[in-house]
Amino acid sequence: MRDSAVERLIEGIARFRKNIFPKEKKLFEALASSQSPEALFITCSDSRVDPNLITQSKPGDLFICRNAGNIVPPHTHHTGGMTASIEYAITLLGIKHIIICGHADCGAMRGAITPDLVKDMPHVCEWLGHADTALHTVQKNYGHLNREEQIQHMIEQNVVVQLQHIRTHPCVAVRLESGEVTLHGWVYDIATGMFKTYNSASNAFEPMLMEKELKSLHKH
């Protein structure tokens with residue numbers, strides 16, 4: 001007897017093959033032999049974050065990398081999954097935009113602020129070390145706030161730190177210098193569906209422009 005969770009996934013595949021695939025057959029036929037995604041989308045592994053759903057993008061639009069805490073380790077000579085994926089996306093696929101997207105109620109960032117939550121997971125603890133700079137920033141500047149407010153700042157500061165880290169990757173650094181690549185830092189609020197975007201000029205997260213505002217911009 002199959003597990004109910006797996007059964008639901010198999011039923012979903014059946015619905016996809018019956019209802020979705022036929023409508024998008026030409027798209028999938030084109031994607032079968034090549035891809036040209038528009039953006040490298042780095043986000044958390046959290047099951048509540050669905051990059052294609054929240055951006056309303058189609059298969060082939062995003063080259064997606066996911067891990068606990070949407071972390072980008074600084075470049076080293078040690079090959080890791082994130083390093084290889086970034087290099088592949090930028091060098092071979094020629095991606096022009098890199099988005100690092102954090103999200104509200106991030107368990108990884110909660111663990112970074114409250115180490116006791118992850119003390120029995122040594123690999124998680126080591127991985128979260130890549131967010132230490134964000135943690136120190138929050139402790140110094142927001143230590144007077146309550147824990148939930150600190151976590152919110154941690155989520156935002158972590159995005160800023162990972163934007164700094166990705167700049168250390170040679171393939172990214174070269175293309176940033178030539179203007180071929182643009183970096184974006186986002187934070188997604190699961191409960192409201194709202195986004196904030198990082199403004200490097202003000203060093204702050206600001207509400208992302210929504211549809212009406214974008215239409216107004218396009219008119220000018």
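The structure we're discussing is the one just above.
Residues numbered from 1 in each chain as written. Predicted model: local features only at pLDDT ≥ 70, side-chain atom pairs only at ≥ 80, totals over all residues. Heavy atoms only, no water.

Draft legend 1. Examining the environment of G179 more closely. Relative to the assigned elements, G179 resides in the loop between helix 9 (170–178) and strand 4 (182–188). For G179, a relative accessible area of 56% gives the class exposed. When the C-alpha atoms of G179 and H97 are compared, they prove to be 11 Å apart, with 82 residues separating the residues in sequence. (Helix = DSSP H or I, 4+ residues; strand = E, 2+ residues; numbered from the N terminus. Buried < 20%, exposed > 50% of the residue type's maximum accessible area, 1.4 Å probe, protein only.)

Draft legend 2. Highlighting the sheet that holds strand 5 (residues 195–199). Sheet architecture is open: six strands sit in the order 2-1-3-4-5-6, paired in mixed fashion. Among the strands making up the open sheet, the edge pair consists of strand 2 (62–67) and strand 6 (204–207). Recorded for the sheet is a direction-independent mean angle of 25° between the axes of neighbouring strands. (Pairing = 2+ DSSP bridges. Axes fitted to C-alpha atoms, helices over the stretch in contact; angles between N-to-C directions.)

Draft legend 3. Broad picture of the packing of helix 4 (residues 81–92) against helix 9. Where helix 4 contacts helix 9, the two axes come as close as 9 Å, and the packing angle between them is 35°. Between helix 4 and helix 9, the contacting residues are I86, E87, I90 and T91 on the first element and C171, V172 and R175 on the second. For the contact of helix 4 with helix 9, a count of residues per class yields four nonpolar, one polar and two charged. (Contact = heavy atoms within 4.5 Å. Nonpolar A, V, L, I, M, F, W, Y, C, P; charged D, E, K, R; others polar.)

Draft legend 4. Layout of the layout of surface pockets. In this structure, the largest pocket spans a volume of roughly 220 Å³. Considering the residues around the largest pocket, the lining is formed by E38, A39, F41, T55, S57, D61, L62, H97, I99, H184 and W186. Elements represented by at least two residues in the lining of the largest pocket include exactly strand 1 (39–44), strand 3 (97–103) and strand 4. Across the lining of the largest pocket, the residue classes tally to five nonpolar, four polar and two charged. (1 Å grid on protein atoms, 1.4 Å probe; cavity = no way out; pocket = protein on both sides within 12 Å on 5 of 7 lines; lining within 4 Å. Points joined across faces, edges and corners; volume = space filled by probe spheres on them.)

Draft legend 5. Geometry of unusual backbone geometry. With a phi close to 50°, Q56 is a non-glycine residue in the positive phi region. One can find Q56 in the loop between helix 3 (51–55) and strand 2. Classification of Q56 as exposed rests on a relative accessible area of 63%. Phi is positive for N70, which is not a glycine, with a value near 40°. One can find N70 in the loop between strand 2 and helix 4.

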